[in-house]
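Listed below are the residues making up each chain.
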Amino acid sequence: RRRGSGECMNRDVACHLELSAAGPAELVLSIALAQGVPLAYESLLVSGNAVGLTPVEILDDHGTRLHRVEVDAGTVVIDYAARSDGLAEPVPVSDVDRVRYLRQSRYCEADRLGPTADEEFAGLEGVPLLAAVVEWVNQRISYVSGSSTGTDSALDTLLARRGVCRDFAHLAIALLRARGIPARLASVYAPGLYPMEFHAVAEALVDDSWWVVDATKHAPRQSLVRVATGRDAADTAFLTSFGSAVDLIALEVTAVAEDFAVDDHVVLTQLR
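Predicted model only: the values in this text are computed from it and were never measured.

**Q** How would you summarise the overall build of the protein if you had to cite specific residues and measurements?
**A** Looking only at helices and strands, the protein features six helices and 15 strands. Against the compact-globule benchmark of 19 Å for 272 residues, the protein has a radius of gyration of 18 Å, which places it among compact chains. With respect to the three principal axes, the spread of C-alpha positions in the protein is 60 × 40 × 35 Å. Burial analysis of the protein (272 residues in total) assigns 49% to the buried set. A separation threshold of at least 6 residues defines the contact pool for the protein, and within that pool the share at least 24 residues apart is 77%. A total of about 12100 Å² of accessible surface is found on the protein, and carbon and sulfur atoms cover 50% of it. Computed over 24 positive and 38 negative side-chain charges, the inter-centroid distance for the protein is 4 Å.

Below you can see the structure in the form of structure tokens.
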């Protein structure tokens, strides 16, 4: 059943993380649904060595909700679950956004990819440019689980010709910025995604609105629900640690939508 305009969508999301800390560390989690997403239910439980811990919420740009927690050496278990029972209002556009998301960033070297963007997308702008970039990245990059590292950039992805969702998003963002379109990365829960994982997509600013583009074409954009927003993966990582080494032992993500549309990845769609 396709969702009609204005119709609510129930989306249930959850994640389970098991970590091993070598010593005292500070964790910053970016796994909660963003501020502004309607919530019917939400739970975040963190325990260290089977003892409950209390995370502190920090509000980042664009409604990103970070949770900071201090842990000691040993096992850390994190469980998050939420139900969104509606669609968020479109994210407003600021003058700062128009500058910040045109600049090159750590993982999106718009300056170095400028010649490629100029050659491949000359004469295109606006919506046709969005469609062309999505198709170009989709056709040239193979999705291969585990094929990239946390330090790979858009240029690395183009040279390797393979990657995962964040790599597809980084390359699309860099090419769009190189052609004068502000673009950014959003981490999301993605009902319909296979293989199921935290997902990353790009958002592009056209006609004073942010439009979501997903060069992997692995999940219907209409069902995505926002977690974090930023320049690239440096701003949206689901887990950041400071202090002693922290290893990820297990990760399980689930995301289910009551109702979502079949996505042709052509029609303009906003992340709601």
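**Q** Which residues make up the nonpolar core, and what values go with them?
**A** Membership of the largest hydrophobic core comes to 33 residues, with the highest contact counts inside it found for L113, V133, V137, L171, L175 and L176. Going through the elements one at a time, α3 (126-140), α4 (154-160), α5 (165-178), β10 (183-189), β11 (199-206) and β12 (209-213) are the ones with two or more residues in this core. Ranked by residues supplied to this core, first place goes to α5 with nine residues. V13, C15, V37 and V253 belong to the second-largest nonpolar core, a separate cluster that totals 29 residues.

**Q** Now, about the pairing of strand β6 (residues 65-71): what can you tell me, with residues and values included?
**A** Most of β6 is tucked away, with five of its seven residues classed as buried. Across five bridges, strand β2 (residues 25-29) lies against β6 in antiparallel orientation. Residue pairing in the sheet places A25 in a bridge with V71 of β6. Counted along the chain from strand β5 (residues 56-59) to the antiparallel partner β6, the turn is five residues long, and its residue H62 has a positive phi close to 60 degrees.

**Q** Please set out the packing of aromatic side chains residue by residue, giving values where relevant.
**A** Overall, the coordinates contain six aromatic pairs when judged by the stated rule. Arranged with centres 6.4 Å apart and planes meeting at 15 degrees, the rings of Y80 and Y189 form a pair that is stacked. Linking Y80 in strand β7 (residues 74-84) with Y189 in strand β10, this pair joins segments that are 109 residues apart in sequence. Seen from their ring centres, Y143 and F168 are 6.1 Å apart, and the 40 degrees between their planes marks the pair as tilted. Here Y143, found in strand β8 (residues 142-143), pairs with F168, found in helix α5; they are 25 residues apart in sequence, far enough to count as distant. According to the relative accessible area criterion, F168 is buried, its value standing at 2%.

**Q** Explain the layout of surface pockets residue by residue, including any values.
**A** Taken as a whole, the largest pocket encloses approximately 840 Å³ of empty space. Looking at the largest pocket, it is lined by 33 residues, and the ones nearest its centre are G150, R166, A237, F238 and L239. When residues in the lining of the largest pocket are grouped by element, the largest group, four residues, is from strand β15 (residues 246-257). Here the residues of the lining of the largest pocket sort into 18 nonpolar, 12 polar and three charged.

**Q** Outline the pairing of β12, supporting the account with residue identities and numerical values.
**A** A regular strand places its side chains so that they alternate between the two faces of the sheet. Counting buried positions along β12 gives five out of five residues, so the element sits mostly inside the fold. Side chains S209, W211 and V213 of β12 all project onto a buried face; the interleaved residues W210 and V212 project onto the opposite face, where all are buried too. Bridge count for β11 against β12 is five bridges, and the pairing is antiparallel. Looking across to β12, one finds that A202 is bridged to V213. The hairpin turn running from β11 into β12, its antiparallel successor, is two residues long, and D207 in that turn takes a positive phi close to 55 degrees.

**Q** Explain the pattern of salt bridges to me, using residue names and the numbers behind them.
**A** Inspection of the entire model under this criterion finds 13 salt bridges. We note a salt bridge from E135 to K217, for which the minimum N-O separation is 2.6 Å. Taken as a pair, E135 in helix α3 and K217 in the loop between β12 and β13 (225-230) lie far apart in primary sequence, 82 residues in all. Judged by its relative accessible area of 34%, E135 falls in the partly exposed class. Of the residues examined, K217 reaches a relative accessible area of 29% and is grouped as partly exposed. Each of E42, E57 and R65 takes part in a single network of salt bridges with overlapping partners.

About the thresholds
- Residues numbered from 1 in each chain as written.
- Predicted model: local features only at pLDDT ≥ 70, side-chain atom pairs only at ≥ 80, totals over all residues.
- Heavy atoms only, no water.
- Helix = DSSP H or I, 4+ residues; strand = E, 2+ residues; numbered from the N terminus.
- Rg over C-alpha atoms; globule rule 2.2 N^0.38 Å.
- Buried < 20%, exposed > 50% of the residue type's maximum accessible area, 1.4 Å probe, protein only.
- Contact = heavy atoms within 4.5 Å.
- Areas by Shrake-Rupley, 256 points an atom, 1.4 Å probe, with all protein chains shown as cover.
- Lys, Arg positive; Asp, Glu negative; His and termini not counted.
- Charge placed at Lys NZ, Arg CZ, Asp CG, Glu CD.
- Core = buried A, V, L, I, M, F, W, Y, C linked by side-chain atoms within 4.5 Å.
- Pairing = 2+ DSSP bridges.
- Phe/Tyr/Trp six-rings, centres within 6.5 Å; stacked < 30°, edge-to-face > 60°.
- 1 Å grid on protein atoms, 1.4 Å probe; cavity = no way out; pocket = protein on both sides within 12 Å on 5 of 7 lines; lining within 4 Å.
- Points joined across faces, edges and corners; volume = space filled by probe spheres on them.
- Nonpolar A, V, L, I, M, F, W, Y, C, P; charged D, E, K, R; others polar.
- Salt bridge = Lys/Arg side-chain N within 4 Å of Asp/Glu carboxyl O.

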